[in-house]
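# Reading the structure
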Amino acid sequence: MAGFLVFLPGLIYDASITHIDTRLEKKKTNMLHLIRNKGMGEFIEEATDSTHGDSAYSDYTIFRENFVSIELVKDFEEDTIVTSPRDIDSEIVESRVLRHFFHYNNSIYLMEIGESMQYVKDLNLVVRQISLYILIVIITLTVLLDLGAIQYLLRPLRKIEAKLLATQRPEKFDYHPVITTTTDFQYLDKTIGEMMQKIQNAFSIEKEFIANVSHELLTPVSILQTRLENMLATGTLSEEAEMKILESQNTLGRLKQIIRSLLLISQIENNQAPKEDKVDIPQLLKDVASEIEERLAGKHISLELNVGDSFVLEPANRSLLFTLFFNLVNNAIKYNKPGGKISIHCRKEKDRYIVEVKDTGIGIAPENLTSIFYRFKKINTTGEESYGLGLPMVKTIAGFHNAEIKVESTVGEGSIFTVEFKLNTHETYNP
């Protein structure tokens, strides 16, 4: 349709020219018929030679749209129809002119019959304008219809995409099929559902395995610790043997701490941890600062606490939140410099309550920032005791309370851990 409109003005112009040529041929026939019946005297005086008599005749309408001219010429030529400008009473008129040569009384005459092209030009201009407007309307409607059709056709895909974006946990995935008659979308929706089911099963097996193994390990570890304590209590061991037993007890203590951390993470991720407390975050931070005073003094590190606005988080788990901030402050001490500083600042900003824990420690390399929350990922090589579970636990607890944790760090200058709690929210845990 658009292509037709582009060529339409040209087609109409050609048709108009053809129509004018047909009319000129009819007028020629009528003029010749008139000359045969009435003679040339009706138009010009017949000349005996080229120097006598009035050998030319012309006539045109009042608006110079049509004209007829007859003149005596010397040579005979082929008939032609051309478009050319004509001077009619000192006015140039673009005309379609038929030139016809004929013999009359042993003389050669040229008859020119012309018709103005102005009407054709005006018509062509109007047609071009109308075609342009129609073309614009058609293109606009086509684009709108295409967009609407595309949106309609892709609506099932948008629903599938929304299902994927709605949750980051396989067990929270909406397994109801998307209503569509397109077999490709049906297959895609079914395949994604099956994939999420497999991922959910794998996650469930992993969590169950971690929980079961952790529970099973706690008992023999406790038994070993008890036996070692009984051996030390006998007082019959050599000093070297006692030192080895003490080292073994420390190792068992670290193992027990790892197991309890894994159990805690597993409990949170399986939504088994209670969340029934009202927690005053500023007061909780004061309790953390009080709890960790001895470690601060031991490393000669100062702590600045600016709790700012009050904020009560409900529902929450106070014990878990204490663990979250204790781990952050403990890490700030562990990886700080002697005589360094830790500052905790709280503030409300729009729809969030923000807690910043800033230290002047060794910092974290940029390539490690994306992996510091991975389990068993130890990124510092300072010799400090670490199992790679502190920050993963922090992230898990934050997610359990619908909070977001961010980190900024500069190597050699320190790190800033930011915990952002949403104000007036009742969302469920979705790590």
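Residues numbered from 1 in each chain as written. Predicted model: local features only at pLDDT ≥ 70, side-chain atom pairs only at ≥ 80, totals over all residues. Heavy atoms only, no water.

Let us look at the nonpolar core. Counting 47 residues, the largest nonpolar core has Ile-281, Phe-325, Leu-328, Val-355, Phe-417 and Phe-421 as its most contacted members. Broken down by element, the residue count for this core peaks at nine residues, all from helix α8 (residues 318-334). Residues from two domains meet in this core; each of domain 2 (183-269) and domain 3 (277-422) gives at least three. Discounting chain neighbours no more than four positions away, the residues touching Phe-325 are Leu-284, Leu-285, Val-288, Val-355, Val-419 and Phe-421. If you look at the next biggest cluster of nonpolar residues, it comprises 19 residues, including Met-31, Phe-43, Tyr-104 and Met-111. (Core = buried A, V, L, I, M, F, W, Y, C linked by side-chain atoms within 4.5 Å. Buried < 20%, exposed > 50% of the residue type's maximum accessible area, 1.4 Å probe, protein only. Helix = DSSP H or I, 4+ residues; strand = E, 2+ residues; numbered from the N terminus. Domains from an automatic or database assignment. Contact = heavy atoms within 4.5 Å.)

Moving on, we get to the packing of aromatic side chains. Counted by the stated rule, this structure contains seven aromatic pairs. Where Phe-76 meets Phe-101, the ring centres are 6.0 Å apart and the plane angle is 55 degrees; that geometry is what we call tilted. Here Phe-101 lies in strand β4 (residues 91-104) and Phe-76 lies in the loop between β2 (66-73) and β3 (80-88), a separation of 25 residues in the sequence. Using a relative accessible area of 43% as the deciding quantity, one classes Phe-76 as partly exposed. With a centroid separation of 6.4 Å and an interplanar angle of 70 degrees, the aromatic rings of Tyr-104 and Tyr-109 are classed as edge-to-face. Through pairs of rings, three or more aromatic residues link up here, namely Phe-311, Phe-325, Tyr-353 and Phe-421. (Phe/Tyr/Trp six-rings, centres within 6.5 Å; stacked < 30°, edge-to-face > 60°.)

So, about the packing of helix α2 (residues 118-153) against helix α3 (residues 155-165). For any two helices packed against each other, the geometry comes down to the angle between their axes and how far apart the axes lie. Across the interface, α2 lies against α3 with an axial gap of 4 Å and an inter-helix angle of 50 degrees. Classified by the angle between their axes, α2 and α3 sit oblique to one another. Between α2 and α3, the residues in contact are Gln-151, Tyr-152 and Leu-153 and Arg-155, Pro-156 and Arg-158, respectively. Broken down by class, the residue content of the contact of α2 with α3 amounts to three nonpolar, one polar and two charged. (Axes fitted to C-alpha atoms, helices over the stretch in contact; angles between N-to-C directions. Parallel < 35°, antiparallel > 145°, perpendicular 65-115°, else oblique. Nonpolar A, V, L, I, M, F, W, Y, C, P; charged D, E, K, R; others polar.)

What follows deals with helix α6 (residues 281-291). Within the span of α6, buried status applies to Ile-281, Pro-282, Leu-284, Leu-285, Val-288 and Ala-289. The arc that holds the buried residues of α6, viewed along the axis, is 160 degrees, so those residues lie on one side. (Arc of directions from axis to C-beta.)

Residue Glu-314 is joined to Pro-315 through a cis peptide bond whose omega torsion reads -5 degrees. Structurally, Pro-315 can be placed in strand β8 (residues 312-316). Phi is positive for Asn-105, which is not a glycine, with a value near 50 degrees. Among the residues examined, Asn-105 registers a relative accessible area of 48% and is labelled partly exposed. In the Ramachandran plot, Asn-402 falls in the positive-phi region, its phi being about 60 degrees despite a non-glycine side chain. Relative to the helices and strands, Asn-402 is located in the loop between α9 (390-400) and β11 (404-410). By relative accessible area, Asn-402 is classed as buried at 12%.

With that settled, consider the environment of Arg-295. In this structure, Arg-295 sits in helix α7 (residues 293-298). The class for Arg-295 is partly exposed, based on a relative accessible area of 35%. Taking C-alpha positions, Arg-295 is 7.6 Å from Ile-333, a pair spaced 38 residues apart along the chain.

With that settled, consider α2. Between its first and last C-alpha atoms α2 spans 51 Å; for 36 residues at 1.5 Å apiece the expected length is 52 Å, and the two agree. Those residues of α2 not exposed but buried are Val-120, Asn-124, Val-127, Ser-131, Leu-135 and Ile-138. (Expected span 1.5 Å × (residues − 1).)

With that settled, the discussion passes to the sheet that holds strand β7 (residues 302-306). An order of β7-β9-β10-β12-β11 is seen for the five strands of this open sheet, with the pairing classed as mixed. Strands at the two margins of the open sheet, each flanked by one partner only, are β7 and β11. Averaged over neighbouring strand pairs, the angle between their axes works out to 15 degrees when direction is ignored. Of the pairings in the sheet, the one linking β11 to strand β12 (residues 414-422) comprises seven bridges and is antiparallel in character. Bridged to Val-407 within β12 is Phe-417. (Pairing = 2+ DSSP bridges.)

Among the secondary structure elements, Ile-160 is positioned in helix α3. On the basis of relative accessibility, which here comes to 3%, the residue Ile-160 falls in the buried class. Sequence separation between Ile-160 and Gln-186 is 26 residues; the distance between their C-alpha atoms is 9.8 Å. Among all residues touching Ile-160, those that are not within four sequence positions of it are Val-178, Phe-185, Leu-188, Asp-189 and Ile-192.

Geometric descriptors of this kind do not, in isolation, establish any biological role.
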